[in-house]
Amino acid sequence: MLFNNIKKMSIDLSQPRYDQSSYAGRAKHFLLLTNPLNAFASTEQLDEAKKVVTEFKRSRRMPAGYDLDKLWAAKYLYDSAYHPDTGEKMFVLGRMAAQAPMNTIITGCMITFYKTTAAIVFWQWVNQTFNALVNYTNRGGDAPMSMTHLLGSYCAACGGALGTALYLNSKVKNMSPIYSRLVPFAAVCGANFINIPMMRSGELMNGTPVFTPDGKRVGESKAAARYGISLVIVSRIFMALPGMTVTPIITNIATQRGLFCHYPKGVIPFQLFLVGLCVTFATPLCCAIFDQRASLAVDSLDTELKDAVKKNHPYITHVVFNKGL
């Protein structure tokens, strides 16, 4: 009985269940966090998960009817739906758990309907609108953005992405069909450098909250925001890579070998299956490339904040912050 009580007391729900210093630990963590089934959880299930996690943090007692695994399942369901900085419930389509089902449909359509300008414009707009929602929902920090700022960022992000897609498409018209199939991926890569910083421009202008390793908030840093956003851009590009390159290449090979000559519309479910398979695993495995709780050397902080940290916390060499997803 004493052993069980000690075990319960040692559970730290403020940290992920798995070691975040290793890629394997981060991969396990994000496989649970981005599980597509989490996106279909009911309001009642989310409220129950929040109640259980909050009560355990307060009382340090295992809730009735719960064991270790069930407690952690509630914790991951809670984390999948509530923002780590603001604590607010996130819009369901903006959660990382919705990435797999939403990107399966959108990516599948982008690499299927790529031959006309109208189709390119429409599906790139849909994709960048979804990306803007995800980028804003999973931003770092807790500072709100005004509606005017948010709308301006959205327009700039979509405009840049559409311009990139149309420019690239015009360059591959006379090339092999495989290059046309890969235009959506190239456009998405270019758009990530526009969409993510624009939808998180509030962090770039005002800084993102940074903390000492033991959790004390020391201020807001623009340098940390730039670093965190750059890491997110890299992981998002790798996230899009399998579904938007492997799928078109395999589809092109299958088409050349006559797989769809009798059933030309069969290419659509074929591509959707491949994209869904890629996205389901690419999302958590690419989120795991970098620790969500990023760290930055004190010497790399903004000058004013660096001086303040060195004065008030001379014993620390780096700060930590939520880089977002």
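Everything quoted here is computed from the prediction, not taken from an experiment.

Each value, and the rule that gives it
Residues numbered from 1 in each chain as written. Predicted model: local features only at pLDDT ≥ 70, side-chain atom pairs only at ≥ 80, totals over all residues. Heavy atoms only, no water. Axes fitted to C-alpha atoms, helices over the stretch in contact; angles between N-to-C directions. Helix = DSSP H or I, 4+ residues; strand = E, 2+ residues; numbered from the N terminus. Parallel < 35°, antiparallel > 145°, perpendicular 65-115°, else oblique. Left-handed = near helix turned anticlockwise from the far one by under 90°. Contact = heavy atoms within 4.5 Å. Nonpolar A, V, L, I, M, F, W, Y, C, P; charged D, E, K, R; others polar. 1 Å grid on protein atoms, 1.4 Å probe; cavity = no way out; pocket = protein on both sides within 12 Å on 5 of 7 lines; lining within 4 Å. Points joined across faces, edges and corners; volume = space filled by probe spheres on them. Buried < 20%, exposed > 50% of the residue type's maximum accessible area, 1.4 Å probe, protein only.

Draft legend 1. The arrangement of the packing of helix α5 (residues 99–112) against helix α6 (residues 117–137) in detail. Interhelical geometry of α5 versus α6 gives an angle of 160° and a closest axis separation of 9 Å. In terms of their interaxial angle, α5 and α6 are classed as roughly antiparallel. By crossing handedness, the relation of α5 to α6 is classed as left-handed. Each of Gln99, Met102, Asn103, Ile106, Cys109 and Met110 in α5 lies in contact with α6, whose residues at this interface are Trp123, Gln124, Val126, Asn127, Phe130 and Val134. When grouped by side-chain class, the residues that make up the contact of α5 with α6 number eight nonpolar, four polar and no charged.

Draft legend 2. Layout of the layout of surface pockets. In this structure, the largest pocket spans a volume of roughly 980 Å³. Residue lining of the largest pocket: 40 residues in total, with Ser14, Gln15, Pro16, Pro84 and Arg293 positioned closest to the centre. No other element matches the six residues that helix α4 (residues 68–81) contributes to the lining of the largest pocket. Here the residues of the lining of the largest pocket are counted per class, giving 16 nonpolar, 15 polar and nine charged.

Draft legend 3. Spatial organisation of unusual backbone geometry. Phi angles above zero are rare outside glycine, and arginine 60 is one such case at about 60°. Tracing the backbone through its elements, the reader meets arginine 60 in the loop between α3 (43–59) and α4. A residue is classified by how much of its surface remains accessible, and arginine 60, at 23% relative accessible area, is partly exposed.

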